[in-house]
Structure formats: structure tokens, C-alpha cells
Amino acid sequence: MLYATREAIELFAKEKGIIWREDQSNQKDDYQRNFIRHQVIPKLKEINPSLESTLERGHRKIKDELFLLEKYVQKWMQNHVVKDKSNILIEKAAVDNATLLWRTVKEYGFNFDQCEDMVVALSGQSGKRFMSPGYQLIIDRAHLIVSPHEKFWEDVTIKQGQDNAILGSWDMDIEKHELTTISKDSFVAVLDEGKLNFPLRWRKWKAGDFFYPLGMEHKRKLSDFLIDSKVPVTDKDVITVLETAGEIAWVVGYRIDNRFKITPQTRSALSFSIR
């Protein structure tokens, strides 16, 4: 109704025989909108008698400019934003102002003030995290990574003979494995069954964890291993470990522990596969 003045609406109602009903609160300045209507608009019309038509032209102009801006943002997103099943990756080098970033991430609950802080943080150390009601945005080395808040995952106990376990969104199958074959799939771990003490514990990794990466004889902090492996910050939040008697046997999806690998002395093996 922005195109119509009050006088035009009243005239239309009279011509069509529509009963006019006036809200009594319209006559009071208790509400901000009424104060603007009764006090501000008349003063502005003293300066510009054609205020309504001026505002209407301005509205059309802004509407057209917003249309062009939206087209530009869509094209920019096609070139610099990638979406997969769970994450949105925004090319870090392509972000040069808060308005463009806000247009890209506002649907995930981030406000403009946050986007201004994000742009400032681009030149700082990677790992800076911003939160909205349903999402997190992390400034990584080459991308701004938007992902849903992780759900709380409780530790899972795996008993001997158990053939399946579920942790969060991960599903693990457990089965006997032929000693003559070794999988090269990073989501499959083949471990010496004789060196495993059941029940096993499958959990999210935590600060202070360490293990002996396959091929190494000395222990290494898991946090350092993940940094050296260039694991994105958001992926770190969902990394899990398979533990036996307090020792990490497998950093799930990345590396088994050297102490639990198959050797010529291995008599039986188990494979743990993630899907």
C-alpha cells in the first residue's frame, strides 16, 4: 500500500461504498509510527510538498538496486561458495566486505555486526569461531567454513563379538579380517585382535590425547598430528578415536596406532570400517 496516500484510500473506500473504520489509537502519538505520521511527515512536507511521490520514486530505485545487488551476490556465490552435505565453504580470499559476507551467511543466523568482526578477523590467525543460534562459522586457512552446531555424542562401548556400533552420525562395522589382505581405505582399520583388550571405547578425541602413528616408534600429540595433516578446524570437531585399555588404537578415518598394526606374529585380525 506504499503507493497510495491516505486521501486516495479514503476516496477509494467512499467510491466503492466500503465502510471506513478508524482505530482510535491512530489519533494518539503514544506509538512511534503515529508520532512520525502526525509530527515528522507534516514537517517534511513543508520542505518537500511532493514527499509521497519522492518516497515512492526512492522506493522503486532502492528496489531495483537491491535486485541488481542480489544478482551480483548470486553470481559471486556461484564462483566462491561451495556447499556439501554438512558444510558451506566460502573462499576466504574472495571476501572483501561485510555486506557481501552478510548476504551470504545471514540465512544461517549470523548478523551484520558479526560479519564486520569476521572481516576484521580474516587477517588474523586461523581458527577464529563465530556462533549463530544454529550454526558456527570458522575462519580456516583458505575458507570460511559454516556448519551446523555439532550434536553431543556420548562414548560408545564395543564388546567382544559385537559387529556394529554407532557414534553420532558415524556407523562402524566390525568383522574378522583375512591376514593376507590389508585395506588402503582410510576409513578402514585392520588391527591385531590379540593386542586389543575388550571392551573397546569409541569416543570423540580430546585435548591431551596422544598415540603412536603407524610407522613411528615415538608418541605424538593428536592435536599436533591433526595440524600436520592439515585437518580443517570444523572436521576436528567430529574426529573420533577407538580406544583399548586407555590407549588409542585408531584415529578414525586417519591413522592407526603403530602398536596395534598387523605383524608376522599376528594370529587374528579385526577390521573396523566407517560408513
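Here the structure is shown first, and the text comes after it.
All values derive from a computational prediction rather than experimental measurement.

*Asks:* Hey, could you run me through the nonpolar core in this one?
*Replies:* What tends to happen in soluble globular proteins is that the nonpolar side chains get buried as a cluster. Counting 23 residues, the largest nonpolar core has Trp76, Ile90, Leu101, Val105, Phe110, Leu137 and Val146 as the members making the most contacts within it. Going through the elements one at a time, helix H3 (51–80), strand S2 (88–91), helix H4 (98–105), helix H5 (112–121), strand S4 (135–139) and strand S5 (143–148) are the ones with two or more residues in this core. By residue number, the principal contributor to this core is H4, which donates 4 residues. The contacts of leucine 101, once residues within four sequence positions are left out, are Ile90, Val95, Cys115, Met118, Val119 and Leu144. Counting 21 residues, the second largest nonpolar core, distinct from the first, contains Trp153, Ala165, Leu200 and Ile274.

*Asks:* Whenever I open this one, the side chain of glutamine 136 confuses me. Can you help?
*Replies:* Structurally, glutamine 136 can be placed in strand S4. Looking at glutamine 136, its side chain comes within polar contact range of the side chain of arginine 129, at 2.5 Å.

*Asks:* Could you clarify how one ought to interpret the sheet that holds S5 in this entry?
*Replies:* Either a parallel or an antiparallel arrangement is found when strands of a sheet pair, and the pairing is made through backbone hydrogen bonds. Spatial strand order, S1-S2-S5-S4-S3: 5 strands in an open sheet with antiparallel pairing. Both outer strands of the open sheet, strand S1 (81–83) and strand S3 (129–131), are each paired with one neighbouring strand and no more. Taking the axes of each pair of neighbouring strands and ignoring which way they run, one obtains an average angle of 15 degrees across the sheet. Bridging between S2 and S5 involves 4 bridges; their strand directions are antiparallel. Along S5, the bridge assignment pairs isoleucine 88 with valine 146. Each of S1 and S2 is contacted by H3, which is oriented at about 65 degrees to S1, the strand it contacts most. In the packing of H5 onto the sheet, the strands contacted are S3 and S4, and the crossing angle to S3 comes to about 175 degrees.

*Asks:* Whenever I open this one, the environment of glutamate 193 confuses me. Can you help?
*Replies:* Assignment of secondary structure puts glutamate 193 in the loop between strand S9 (188–192) and strand S10 (200–204). Residues glutamate 193 and leucine 270 lie 77 residues apart in sequence; the distance between their C-alpha atoms is 5.7 Å.

*Asks:* Would you explain the pattern of salt bridges in this entry?
*Replies:* Between side chains of opposite charge, pairing is possible as soon as their charged atoms come close. What the rule picks out here adds up to 16 salt bridges. Ionic pairing is found between glutamate 56 and arginine 60, a salt bridge with its closest N-O pair at 3.6 Å. Highlighted residues: glutamate 56 and arginine 60, both in helix H3, separated by 4 residues, approximately one helical turn. One salt bridge in this structure joins arginine 103 and glutamate 70, with 3.0 Å as the shortest N-O distance. A residue pair is termed long-range when its members are at least 10 positions apart, and arginine 103 in helix H4 and glutamate 70 in helix H3 qualify at 33 residues. Counted as one network, the salt bridges with shared partners bring together Asp155, Arg201, Arg203, Lys206, Asp209 and Glu243.

*Asks:* I keep staring at the sheet that holds strand S6 (residues 156–158) and nothing clicks. Help me out?
*Replies:* In spatial order, the strands read S6-S10-S13-S14-S15; together these 5 strands make up an open sheet with antiparallel pairing. Pairing within the sheet leaves two strands with one partner each, and these edge strands are S6 and strand S15 (255–256). Alignment of S10 against strand S13 (residues 240–244), held across 4 bridges, turns out to be antiparallel. Following the sheet pairing, arginine 203 is matched in S13 by valine 241.

Thresholds applied
Residues numbered from 1 in each chain as written. Predicted model: local features only at pLDDT ≥ 70, side-chain atom pairs only at ≥ 80, totals over all residues. Heavy atoms only, no water. Core = buried A, V, L, I, M, F, W, Y, C linked by side-chain atoms within 4.5 Å. Buried < 20%, exposed > 50% of the residue type's maximum accessible area, 1.4 Å probe, protein only. Helix = DSSP H or I, 4+ residues; strand = E, 2+ residues; numbered from the N terminus. Contact = heavy atoms within 4.5 Å. Polar contact = N/O pair within 3.5 Å; in protein donor to acceptor, adjacent residues only side chain to side chain. Pairing = 2+ DSSP bridges. Axes fitted to C-alpha atoms, helices over the stretch in contact; angles between N-to-C directions. Salt bridge = Lys/Arg side-chain N within 4 Å of Asp/Glu carboxyl O.

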